[in-house]
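Observations on the model geometry
Given next are the chains, with one letter for each unit.
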Amino acid sequence: MNRQRAWALQHRFAPYLFVLPFVVLFCVFMLYPLCRSITLSFQSSVGPRMTRYVGLRHYRFLVRDWLFWVSVGNTLLYGVLLLAVQLPASLGLALLLNSRRVRGRNFFRFAFFSTHMVGQVFVAVLFYVLLAPRSGLINRFLAAVFPFFDVETNWRGNPLYAMPAIVLASLWLSVGYGMVYFLAALQGVDPELYEAADLDGAGGWSRFRHVTLPGIRPIVLFLLLIGTIGALQLFELPYVFFGGGGSPFARMTIVMYLYEQGFESGDLGFASAVGWALVFLILVVAALQLRAARATGEV
Amino acid sequence: MLRRGPGNVAWAGLLRDNLRPHPQMHFPLGKPIVAMLAICAVSGAVIARHPKPPPRDLSLWTFADSHASDYRKLIPLFERASNQTVGVHLIATRALNVRLTSLFMSGENAAELADAAEIEISSIGRYFRPPAEEIGFLPLNSYLERSGLREIRTLDDPGKEGWNARLVTDGRIYTITAGRWIHNPGRTRPDAWIDRILKSRFAPWSKNGVIYGVPNDVHPVTLTYRSDLFRDAGVDIESAKTWPELQERCLEFGRYWERQGYPRRHALELPLSSADYLTVMLLQRHVNLVDDQERLHFTDPKVASTVAFYAGLVAGPRKVAAESSGGTGLWAGDIAAGNLCAFLTPDWRASYLRRYAAPVAGKLRMMPLPRFEPEDAPTSTWGGTMIGIPRMSKHHEQAWKLIEFLYLSEAALGARGGENGVVPPLPEAWDQPAFQREDPFFGGQRVMKLYTELAAQIPERYVTPVSALATATLSVVLTRATAYIEEHGTGGLEAACRQWLAQAQADVARRLEHARFEPIPQH
């Protein structure tokens, strides 16, 4: 009887024991810090030992701070510019490398994807050198091709060029990543649909518009959503590329603003408030995207 | 043995499926995973077998590899003299700051906490945000007042006017007056480190008069130029005693080289939108945007005139300056290629030149900075490092001894002046031969002597939690000023700068008020 009861208990509790390690780690390293950051966002602090309740003061300051809105503007501009170029470029590459007429497809697929494996810090250092005034390869190339281009153009120092420089570096990093998803999606499109389109006399553009594009729509939406969230969290690339100096107009992103408040100024309470503002922004943007997708029947 | 029961049926099934001998055994997740597991196991074993370094009595954190290599050479001497072992940890600046501030904030007496840590001047502001009694570093005033006491053996010992020393034989205090040691009954103690170290160098490392770090350096600033290229252009740059005169010389220089087919040969190196160099010029004019009492000085008339003048150097029809291509290597490359021909040079930058710009050896010369007004200093200061003791360290006295040895002993001062070419903040050390030598890299000029002559005149620089923010805000004003020049020329620029600076001051004041954690000081 006792043994049977023991087996019954084991049967009942075994699943909980299996998930216990994850639950404990999740609670300690995710849930608790998340809840703590909510309370911190209503406090001014110089560390957990020294805090002072300030109510909504951080949030009030945040919505009136021009630098925060500059960082929001920079981040959104980055996201729009990046996705506007990245998605078509990734799709174009995927279409090209999905074609059986291209030789060495596997090599090129790997080559284009490999840039994604090096990480943002490496890319920032690489583009720091590539975009250097006078000696940078990109500047020298552009000056050789376009005589009106000034080889001394300072991408990092000039607020006009700062964001295009970051977008350029991000494209190098992420076009191959998008390409892999599009390749997988393209291979999932039913070949019979193409055959049917051929029988109906569809040309290349019609095949793409009426067969390929509807077939890969979920992936477009997925990349759009992931890309937007990634763009809103942009930090390492501009942080290393700009080196923290210069006018904050050009270089400041939301997470850089958060980092400077939390780790440069040491106000973890205000940084937590910025963090929650970012969460809110991500939720709003994601909700708008999903709603737009639903309206067009993509989900 | 497994017994049948309600819960172990699934177990038994799993075991049966996985342990049943297969005709061809294979790992279900594939060979790459097996290879990765094998690599993990081997590397784990290697790491586990790697002997741990022996625990050290004292731990020193530094961010500069040149400092770390100097200290590793010096520390055996300290270890022999003190019977203490010391571990030197080289940690990247950002990592060091994040680790140290996290430890200070958490209040944990962590085992890995440093007993002494070096901090770079651009990072120190964040440590000063808490109220004075909660700052993570130990106040050092009492240590500086009771150590480094000056002693003389006889009244014939050398000294400088105003020095106070205890005569070993009678224990009384003597002061040098009119070149002689005279008994000074009004003085209770001889000079200690606090008197012997250059006063202006305590400023960045202090809050409300409490000193939290011993300065490593002075970092006076000169103007270095390509003497060969200026000579070829027939321009005597050293005759320029003021900044406007310098701009005229630089315009002459630019016109000459443009005629020779070098339109991209620029006389000066100055950034277009970063206010770092502008801050150096403001310090030369004794202006700190934020002073030690956290008062803001954006609306000081000198700031508007300096911003307007600087903007005219980097933009518009009288532009004479361009930016460096990037980090140290690219900067040195620009100098070697003759793209940038004159540049602000603190002593640490001179040592970078020696290391990275070998092709221009013998072609460089240095001069004091030109001034805006006669009361400006002929130099400024750029950069700096301090060493402090974390309050949570359990070895305050030993750490202090280590700091004295590494920063103020003769061996340490010799190393700093010799190989690194850094002027120490101890004026009596400036007479050492290392600071008197001719420097072949600078065409035989005694550049270290020039640095030491200027070091005594460096302006005070204060660092507060909002200093970095103030510089960033000044960058915004500078960006607006350069854009204004490109659009409208220089007419009305200074008035526009005054308006932007007033806005900048209001903005920084608002941030200062929001970030303040302690009561506002009464001015």
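The following refers to the structure shown. (Residues numbered from 1 in each chain as written. Chains lettered and ligands numbered in written order. Predicted model: local features only at pLDDT ≥ 70, side-chain atom pairs only at ≥ 80, totals over all residues.)

For the rest of this paragraph, the subject is the overall build of chain A. Helices and strands together make up the secondary structure of chain A, namely 13 helices and two strands. Against the compact-globule benchmark of 19 Å for 299 residues, chain A has a radius of gyration of 25 Å, which places it well outside the compact range. When its C-alpha atoms are laid out on the principal axes, chain A stretches across 70 × 70 × 35 Å. Counting every position in chain A, which comprises 299 residues, the buried fraction comes to 32%. The contacts of chain A with a sequence gap of at least 6 include a subset with a gap of at least 24, amounting to 69%. (Helix = DSSP H or I, 4+ residues; strand = E, 2+ residues; numbered from the N terminus. Rg over C-alpha atoms; globule rule 2.2 N^0.38 Å. Buried ≥ 20, exposed ≤ 12 C-beta atoms within 10 Å, placed from the backbone. Contact = placed C-beta atoms within 7 Å.)

Moving on, we come to the overall build of chain B. A count of helices and strands for chain B gives 18 helices and 16 strands. If one aligns the C-alpha atoms of chain B with their principal axes, the spans along those axes are about 100 × 75 × 50 Å. Every one of the 523 residues in chain B was classed for burial, and the buried ones make up 43%. Contacts spanning at least 24 positions in sequence make up 73% of the contacts within chain B whose residues lie at least 6 apart.

As a further point, take helix α17 (residues 467–488) of chain B. Since there are 3.6 residues in each turn of an α-helix, residues three or four apart along the chain are aligned in direction. Residue and element names in this part refer to chain B. Counted at 1.5 Å a residue, the expected span for α17 with its 22 residues is 32 Å, and the 31 Å between its end C-alpha atoms agrees. Of all the 22 residues making up α17, 18 are buried; the element is thus mostly covered by neighbouring parts of the structure. Positive backbone phi, approximately 80°, marks glycine 489, located one or two places after α17. (Expected span 1.5 Å × (residues − 1).)

Residues and elements named next belong to chain B. Along the polypeptide, tyrosine 277 turns up in helix α10 (residues 276–284). For tyrosine 277, a count of 22 C-beta atoms within 10 Å translates into the label buried. With 105 residues separating them in the primary sequence, tyrosine 277 and tryptophan 382 have C-alpha atoms 8.7 Å apart. Setting aside its immediate chain neighbours within four residues, tyrosine 277 contacts Leu270, Pro271 and Leu344.

All right, on to unusual backbone geometry then. For Arg134(A), which is not a glycine, the phi torsion comes out positive at approximately 70°. By the secondary structure assignment, Arg134(A) is in the loop between α5 (120–130) and α6 (137–145).

Two orientations exist for strands paired in a sheet by backbone hydrogen bonds: parallel and antiparallel. All names here are of chain B. One open sheet holds the five strands; their spatial order is β13-β12-β14-β11-β15, and the pairing between them is mixed. Because the sheet does not close on itself, it has two edges, and the strands there are β13 (321–322) and β15 (364–367). Pairing analysis gives four bridges linking strand β11 (residues 221–226) to β15, with the strands arranged antiparallel. Along β15, the bridge assignment pairs threonine 224 with methionine 366. (Pairing = 2+ DSSP bridges.)

All names here are of chain B. Here tyrosine 407 shows up in helix α14 (residues 396–408). By C-beta crowding, tyrosine 407 is classed as buried, having 25 other C-beta atoms within 10 Å. On a C-alpha basis, the gap between tyrosine 407 and leucine 426 in space is 9.6 Å, while along the polypeptide they are 19 residues apart. Once you skip the residues sitting within four places of it in the chain, tyrosine 407 turns out to touch Val214, Asn216, Ile387 and Ala412.

Here the focus is α10(B). Residue and element names in this part refer to chain B. With respect to burial, α10 is a largely interior element, eight of its nine residues being buried. Tyr277, Leu278, Thr279, Val280, Met281, Leu282, Leu283 and Gln284 are the residues of α10 that are buried. Turning to α10, the residues buried within the fold contact β11, α11 (301–314), β14 (340–346) and α17.

Now for the packing of helix α4 (residues 105–114) of chain A against helix α7 (residues 159–187) of chain A. Residues and elements named next belong to chain A. Across the interface, α4 lies against α7 with an axial gap of 6 Å and an inter-helix angle of 135°. In terms of orientation, α4 and α7 fall into the oblique class. For the pair α4 and α7, contact is made by Arg109, Phe112, Phe113 and Ser114 and by Val175, Gly176, Tyr177, Met179, Val180 and Leu183, respectively. Each residue belonging to the contact of α4 with α7 can be placed in one class, and the counts come to seven nonpolar, two polar and one charged. (Axes fitted to C-alpha atoms, helices over the stretch in contact; angles between N-to-C directions. Parallel < 35°, antiparallel > 145°, perpendicular 65-115°, else oblique. Nonpolar A, V, L, I, M, F, W, Y, C, P; charged D, E, K, R; others polar.)

On to the pairing of strand β7 (residues 180–183) of chain B. All names here are of chain B. One ladder, built from four bridges, connects strand β6 (residues 173–177) with β7; its direction is antiparallel. From the neighbouring strand, isoleucine 176 faces β7, where its bridge partner is tryptophan 181. The antiparallel pairing of β6 with β7 creates a hairpin that spans two residues between the two strands, and alanine 178 there sits at a positive phi of about 50°.

Our focus in this paragraph is the pairing of strand β12 (residues 266–269) of chain B. Residue and element names in this part refer to chain B. Bridging between β12 and β14 involves two bridges; their strand directions are parallel. Across the sheet, the residue bridging to leucine 268 is alanine 342, located in β14. In this structure, β12 lies alongside β13, joined through two bridges in parallel fashion. Its bridge partner being in β13, glutamate 269 is matched across the sheet by alanine 322.

We now examine the nonpolar core. Counting 176 residues, the largest nonpolar core has Val307(B), Val477(B) and Ala481(B) as the members making the most contacts within it. If you tally residues by element for this core, the top one is α17(B), at 11 residues. The contacts of Val307(B), once residues within four sequence positions are left out, are Leu278(B), Val477(B), Leu478(B), Ala481(B) and Cys497(B). In terms of nonpolar packing, the next biggest core, distinct from the first, is built from 13 residues, Leu91(A), Ala94(A), Ala185(A) and Ile219(A) among them. (Core = buried A, V, L, I, M, F, W, Y, C linked by C-beta atoms within 7 Å.)

This brings us to the packing of helix α9 (residues 204–232) of chain A against helix α13 (residues 268–295) of chain A. Residues and elements named next belong to chain A. At a closest axis distance of 10 Å, the pairing of α9 and α13 adopts a crossing angle of 160°. In terms of orientation, α9 and α13 fall into the roughly antiparallel class. As for the relative orientation of α9 and α13, their crossing is right-handed in sense. Along its contact with α9, which presents Leu221, Leu224, Leu225, Thr228, Ile229 and Leu232, the element α13 presents Leu278, Leu281, Ile282, Val285, Ala286, Gln289 and Ala293. Partitioned by chemical class, the residues of the contact of α9 with α13 number 11 nonpolar, two polar and no charged. (Left-handed = near helix turned anticlockwise from the far one by under 90°.)

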